[in-house]
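These are the residues of each chain, in order.
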Amino acid sequence: MTTVPEGYRSAQVGDARVVAREDAVAFVQDAIESAGTLYNFARRHPDAETIQGRQKLYIIPGPGSPRWVVRQLSHGGLLAPITGKRFFRSGKPRPLNELQLSVKLQQLGILTPNVVAAVVYSSRFSYHGEMAREEVGNARDLADCLFAEPDLDPLQRASALAAAGRLIGALHR
């Protein structure tokens, strides 16, 4: 059993283990019960916005604010075409690792989006997982800032790069 961080609570919904902030547990449970998964709930939400990266992410209103970004976890690299979104049941599930790492980084003063919920859907030999984080308002992609945004002047580009360097340095320390 994984330790649940302070301010979070664990709940079971069918085959799903939910670890969510105390203020979000009921909402996540209801979402999974109504749509089968949190991701399906977000995908079907009438106010959902879609972000396309390596996969689709959905931004939805959660209880309170800010909005939530909901994503499915998936493999990258060579395993992606073989395993897709399925992970072998071995050790601590990845969503719970991500939650604990995020909490630890915040305790160390590293800015990272707040995790609202981590969900693990178990089957016999594997699982798939989902994460919900608070949306970072007015955020811009670093690659866009450096290469694709024509309205940024060189000083703004240098400032974005310096901020990224400070973050990497803090993570290293």
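Just above sits the structure.
Caption draft 1: How the structure looks around helix H4 (residues 94-107). Across its 14 residues, H4 extends 20 Å between first and last C-alpha, which sits within 8% of the 20 Å expected from 1.5 Å per residue. Buried-residue contacts for H4 involve strand E1 (8-13), strand E2 (16-21), strand E5 (68-72), strand E7 (115-122), strand E8 (126-134) and helix H6 (154-172). Directly beyond the C-terminal end of H4, a positive phi value near 85 degrees is found at Gly109.

Caption draft 2: How the structure looks around the pattern of salt bridges. Under the criterion given, the structure shown has 7 salt bridges. Note that Arg21 and Glu134 form a salt bridge whose closest N and O atoms lie 2.5 Å from each other. Taken together, the residues Arg21 in strand E2 and Glu134 in strand E8 connect sequence positions 113 residues apart. When sorted by exposure, Arg21 lands in the same class as Glu134, which is buried. As a salt-bridge pair, Arg94 and Glu98 come within 3.5 Å of each other at their nearest N and O atoms. Pair noted here: Arg94 and Glu98 are both in helix H4, with a separation of 4 residues, about one helical turn. Given the relative accessible area of 27%, Arg94 is considered partly exposed. We classify Glu98 as buried; its relative accessible area is 15%. Counted as one network, the salt bridges with shared partners bring together Arg71, Arg94, Glu98 and Arg133.

Caption draft 3: The arrangement of the pairing of E5 in detail. Among the 5 residues in E5, 5 count as buried, and that is most of the element. With burial as the criterion, each face of E5 is covered, one bearing Trp68, Val70 and Gln72 and the other bearing Val69 and Arg71. Sheet analysis places strand E4 (residues 56-60) next to E5, joined by 3 bridges and oriented antiparallel. Bridge pairing in E5 places Ile60 opposite Trp68. The sheet contact formed by E5 and E8 spans 5 bridges and is antiparallel. The residue of E8 that forms the bridge with Val70 is Ala132.

Criteria and cut-off values
Residues numbered from 1 in each chain as written. Predicted model: local features only at pLDDT ≥ 70, side-chain atom pairs only at ≥ 80, totals over all residues. Heavy atoms only, no water. Helix = DSSP H or I, 4+ residues; strand = E, 2+ residues; numbered from the N terminus. Expected span 1.5 Å × (residues − 1). Contact = heavy atoms within 4.5 Å. Salt bridge = Lys/Arg side-chain N within 4 Å of Asp/Glu carboxyl O. Buried < 20%, exposed > 50% of the residue type's maximum accessible area, 1.4 Å probe, protein only. Pairing = 2+ DSSP bridges.

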